[in-house]
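# Fold and contact review
Chain residues, written in single-letter form:
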Amino acid sequence: VLFRSDDDIVAGMLQRYLEGRGHRVERCANGRDALRTVRDFAFDVALIDIEMPEIDGLEVLRQARKDPFPPECIIITGHSTIDSAVTAMRLGAYDYLAKPYRLEEIDILVRRAAERRRTAADNQRMRRRLYRLEAPQAPVSGAQSMQAAIQAAERAALSLGSVMVVGEQGTGKSTVARYLHHVSLRSD
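This write-up is about the structure you can find in this document. (Residues numbered from 1 in each chain as written. Predicted model: local features only at pLDDT ≥ 70, side-chain atom pairs only at ≥ 80, totals over all residues. Heavy atoms only, no water.)

### Some words on the overall build of the protein
- Counting its regular elements, the protein contains 7 helices and 5 strands.
- In the protein, the succession of α and β elements from N to C terminus is β-α-β-α-β-α-β-α-β-α-α-α.
- Computed over C-alpha atoms, the radius of gyration of the protein comes to 25 Å, more than 25% over the 16 Å expected from 2.2 N^0.38 for 188 residues, which places it beyond the range of a compact globule.
- If one aligns the C-alpha atoms of the protein with their principal axes, the spans along those axes are about 80 × 35 × 25 Å.
- The buried share among the 188 residues of the protein stands at 38%. (Helix = DSSP H or I, 4+ residues; strand = E, 2+ residues; numbered from the N terminus. Rg over C-alpha atoms; globule rule 2.2 N^0.38 Å. Buried < 20%, exposed > 50% of the residue type's maximum accessible area, 1.4 Å probe, protein only.)

Spelled out as structure tokens, the structure:
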């Protein structure tokens, strides 16, 4: 958990509490330090105060969300406004929490946010694995008609149009359709 607060006493208390609950916590000094730390290390969760020296929390959130796999960001503020809450959520904040907050509430949010990030990482890993397992090879056939169908599928894969594969039962329609999907511009 990356953490930045404008109140050192509260920050120390929250850090001890979260560490006591099993979290590893890294504190940063300001918004610039938070951005550098997010980019250099993999955090599951970032607790970001809106009021920070150098770069404010919303800008940290905006920049952090540009990373390929950013931490889940929870915005904390003592100066809550509807505009800042809406902006934070539009920028991709996991949650927005106004002070005063309860320590148990932070722990629950951090656990949920970390679980969401782990689930997203697991899904991404499984998709890559599934993609490698399902990657079909180009169908091989000695029949001129099937070779023509494969060539037509390869040409169709370069377009953004829809394709319907038709033919008699047992002629390889599903094989051609899987291959077409795999080599198409929209396979992702």
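### Quick look at a nonpolar patch on the surface
- Taken together, the side chains of L158, L160 and L185 define a hydrophobic patch exposed on the protein surface, amounting to about 360 Å² of accessible area.
- The topology assignment puts L160 in the loop between α6 (144-156) and α7 (173-183). (Patch = residues over 30% accessible without salt bridge, like charges linked within 9 Å, V, L, I, M, F, W, Y side chains within 5 Å. Areas by Shrake-Rupley, 256 points an atom, 1.4 Å probe, with all protein chains shown as cover. Salt bridge = Lys/Arg side-chain N within 4 Å of Asp/Glu carboxyl O.)

### Some details on the sheet that holds strand β3 (residues 45-49)
- Sheet architecture is open: 5 strands sit in the order β2-β1-β3-β4-β5, paired in parallel fashion. Two strands bound the open sheet, and with one partner strand each, they are β2 (26-27) and β5 (95-98).
- Bridge count for strand β1 (residues 2-4) against β2 is 2 bridges, and the pairing is parallel. Bridging across to β2, F3 finds its partner in R27.
- Packing against the sheet, helix α3 (residues 57-64) makes contact with β3 and β4 (72-77), and its axis sits at approximately 175° to β4.
- In this fold helix α4 (residues 82-90) packs onto β4 and β5, with an angle of close to 155° to the strand it touches most, β5. (Pairing = 2+ DSSP bridges. Contact = heavy atoms within 4.5 Å. Axes fitted to C-alpha atoms, helices over the stretch in contact; angles between N-to-C directions.)

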